Every structure is written in structure tokens, then in C-alpha cells.
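# Breakdown of the fold
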Amino acid sequence: MRTRIIGTGSCLPETVVTNDDLSKIMDTSDEWISSRTGIRERRLVKDETTASMSIEAARRALEDAKVSAQDIDLIIVGTITGDYVTPSTACEVQAAIGADKAVAFDVNAACSGFMFALHTADAYFKAGIYKTALVLGAETLSKIMDWNDRSTCVLFGDGAGAAVLRAEETGILAYDQGSDGAKGMVLACKNRLNNNPLVQNPKDLQYTYMDGQEVYKFAVTTVPASINKVLNEAGLSVEDIDYFALHQANIRIIQSVAKRLKVSEDKFPISLDHCGNISAGSVPILLDEINKKGMLKPGMKIVLSGFGAGLTWGSAVIEW
Ligand code: UT7
């Protein structure tokens, strides 16, 4: 038994914000952002929410998979920006799509959120507990950005991606995931301040802080090692892989990973140019884009890899 992706969907907010738009409200430029990151524009929410985008992405994935919401046993959403602390985004999706039989919960693994959700569903399948699942990565990162900090806010975007999974003969061939909590503070965002009468309310900002260069170093070493690990476990080499669908943080990270793996950059599809970094949303949105373009054919081998805050990382090699 393997866990197979049988349908994908995604949803981006309507409003496009270009680098030039940002340069009108802060001291930045299209030249700085695009040359350092490859990002040209991103979508930011106006009326959309993490749940509304997730629900739409889920509906599109179910349609693509030709699966009814009634058949879903499990819904997992990778997100750090749910609309509520509770209920979870997964429970909101469950209610909206009418997946009455499903168990629903969120996982917090930042940019690896979709990969961790995928692996969790795979473990449930292997244990024989569930057979059909909906996994998502969804974020409204614009609400946790400090819009006075040009070094972080220009990098991120909002959106949601979804995949329907089913226990079948083929699918995930190998998986690797890891965490390094000791380095957690290089990319961090505080939760709500404590308002209880015993606590002197600290004035910390509840926005994202990032040591970009530390995250960069972590990504360019950990990601190729994780990919090599899953390839070894699956008995495959980089030549056997049709596409490497990586978390979309920065084009320079992707180029460096391609170089370290000795693989042509052509095998690394890109969405960061028009999406920016959507954390847990990046991998499933990219996967949906290449799926809808007809780039994925049965039997193809694809590597998925996410990495980011926690620190966390997760890679999988799948047969489409
Ligand atoms: O999901 C995982 C999340 N994160 C990542 O993957 C991020 C990984 N890191 C990176 O991608 C890069 O470190 C960044 C793109 C974030 C930054 O690139 P960098 O080459 O490391 O730039 P830097 O932080 O060293 O900043 C260089 C200069 C600084 O000015 P000075 O001190 O040299 O005068 C910054 O103040 O660029 C300045 N700067 C900006 N200038 C224009 C920082 N942000 C901006 C900006 N526009 N938006």
C-alpha cells in the first residue's frame, strides 16, 4: 500500500501586489527584490481568509480527484496562520465542504507544513486507519508580517493548496523529515500576548522575525541532503526524477540545490515569481500549477521538499 496523490487544487487571493507597488509604500525596489529572490509579485488577501482559500482549494482538489467530500476520512491542514486559534482551519474546511465523516486537525510546521501533513496522512494509511484524505497547506502570511520591515514583508504571499490522497498500489516511494528546534529563533513569530493579571505584558511585536542568511545556509545544506536521502531509500538517482517541486522561498536557494544535486534547473518548476513565499502553501500550490498545466503523467517520479521555520524540513519522492 502506498499513498497516492489523486487530485490537486489551489486558491490565491484576487489582489496582485507587484514589487513596484511595494516600492511605493516602502524603501525597496523591483531590482532589489527580483535580483535577490526571483519574486516579482505576490497575492495578498483583502476579503479572503485562510479558511476561505482552503475551502476553495479543497473543492477544486476534490473535483480534480472526482472524489466526494463524503468519502474523505481525514483532513489535515499545514498552517501557522489559521483564522482562529481554535477551531482549526481543517475543522472549518470539514464543515464547509460537508466532509461529515472526516477527522480534522491542523499541523504547525511552517514551510514544511504540507510535507508534514502528507507524511502524517501516509502514516495513518499505512496503519490501516484511513484510506482517503485531504491535505492542505494554507497561509495568510500578510497578517504576521511587520509591514515596516522591508527585509521580511516583501518575501511572502498568501494562498492555499490542496491534494486528495488515496491508499493505492503506488504513490509515495520514500519520505524524510526532520526538525532542529535549537535553531528555532532564526525564523520566529510570537503568539498572542498574555493578558492575565500576573503577567507584565511584554511589548514584543507579534510579527515575523527572520535571520535571512542563517535560513539560507540551513536550506542550501539540509534540502539536498534530505533529497539524497529519499532518493537512496527509494533506490533512485537524480536522473530518474522528472521534477523537483521545492518550497518556493528564493530562486537562489533553488538554484543552489539544483547545483548541489547536479541537476538542470529546468527540472525545478517555479511559482515564487508570481506567488512569493507562501510557507506551507508553496508546495501544494506549485504541484497544482504543474498538474493543471498537464506536466504530470502517470509513472513520473517527482520529488517534493519543504523547509523552513522550526526549523523543519520534509522531502518525499512520489510516483505520479
Ligand atoms: O521559507 C523559508 C523562509 N526564508 C528564506 O528562505 C530566506 C532565506 N534568505 C534569503 O533569501 C536572503 O537572506 C534574503 C533575500 C532574505 C536577504 O538577502 P541578503 O542577500 O541576505 O540581504 P541582506 O539581509 O544581507 O541585506 C542586504 C542589504 C541590507 O542593506 P545594507 O545593510 O547592506 O545597507 C538591507 O538593509 O539589503 C537591504 N535590504 C533591502 N533593500 C531593499 C533588505 N531588505 C531590502 C528590501 N529592499 N526589501
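Reading guide: rules and limits
Residues numbered from 1 in each chain as written. Predicted model: local features only at pLDDT ≥ 70, side-chain atom pairs only at ≥ 80, totals over all residues. Heavy atoms only, no water. Pairing = 2+ DSSP bridges. Helix = DSSP H or I, 4+ residues; strand = E, 2+ residues; numbered from the N terminus. Axes fitted to C-alpha atoms, helices over the stretch in contact; angles between N-to-C directions. Contact = heavy atoms within 4.5 Å. Near = heavy atom within 4 Å. Polar contact = N/O pair within 3.5 Å; in protein donor to acceptor, adjacent residues only side chain to side chain. Areas by Shrake-Rupley, 256 points an atom, 1.4 Å probe, with all protein chains shown as cover. 1 Å grid on protein atoms, 1.4 Å probe; cavity = no way out; pocket = protein on both sides within 12 Å on 5 of 7 lines; lining within 4 Å. Sits in = over half its atoms within 2 Å of the grid points. Nonpolar A, V, L, I, M, F, W, Y, C, P; charged D, E, K, R; others polar. Domains from an automatic or database assignment. Points joined across faces, edges and corners; volume = space filled by probe spheres on them.

## Quick look at the sheet that holds strand β7 (residues 158-168)
- Spatially, 5 strands are ordered β1-β7-β6-β4-β5 in an open sheet, and the strand pairing comes out mixed. Here the strands that pair on one side only, and so sit at the sheet edges, are β1 (2-11) and β5 (103-107). Taken over all neighbouring pairs, the strand axes of this sheet differ in orientation by 20° on average, direction set aside.
- Along the sheet face, helix α10 (residues 282-292) touches β1, β6 (132-140) and β7 and points at about 90° away from the line of β1.

## Let's talk about the site of the ligand
- Taken together, 22 residues surround the ligand, and among them Thr28, Gln213, His247, Asn250 and Asn277 come closest.
- Within the backbone of Gly212, an N or O atom sits 2.9 Å from a nitrogen atom of the ligand.
- Taking Asn277, its side chain carries an N or O atom lying 2.9 Å from an oxygen atom of the ligand.
- The fraction of the free accessible surface of the ligand (960 Å²) that becomes covered by protein chains is 71%.
- Spatially, the ligand is embedded in the second largest pocket.
- Considering each element in turn, the shell around the ligand owes the most residues, 4 residues, to helix α7 (residues 212-234).
- Residue composition of the shell around the ligand, grouped by class: 10 nonpolar, 8 polar and 4 charged.
- Counting only domains with at least three residues in the shell around the ligand, you end up with domain 1 (2-171) and domain 2 (174-267 + 294-319).

## Focus: the layout of surface pockets
- A volume near 910 Å³ is recorded for the largest pocket.
- Lining the largest pocket are 33 residues; nearest its centre among them are Ile80, Thr81, Asn108, Ile144 and Cys189.
- Among the elements of the structure, β5 and β9 (187-189) are those that each provide at least two residues to the lining of the largest pocket.
- Across the lining of the largest pocket, the residue classes tally to 17 nonpolar, 11 polar and 5 charged.
- In this structure, the second largest pocket occupies an estimated 530 Å³ of space.
- Taken together, 22 residues line the second largest pocket, and the ones lying closest to its centre are Leu155, Met210, Gly212, Gln213 and Asn250.

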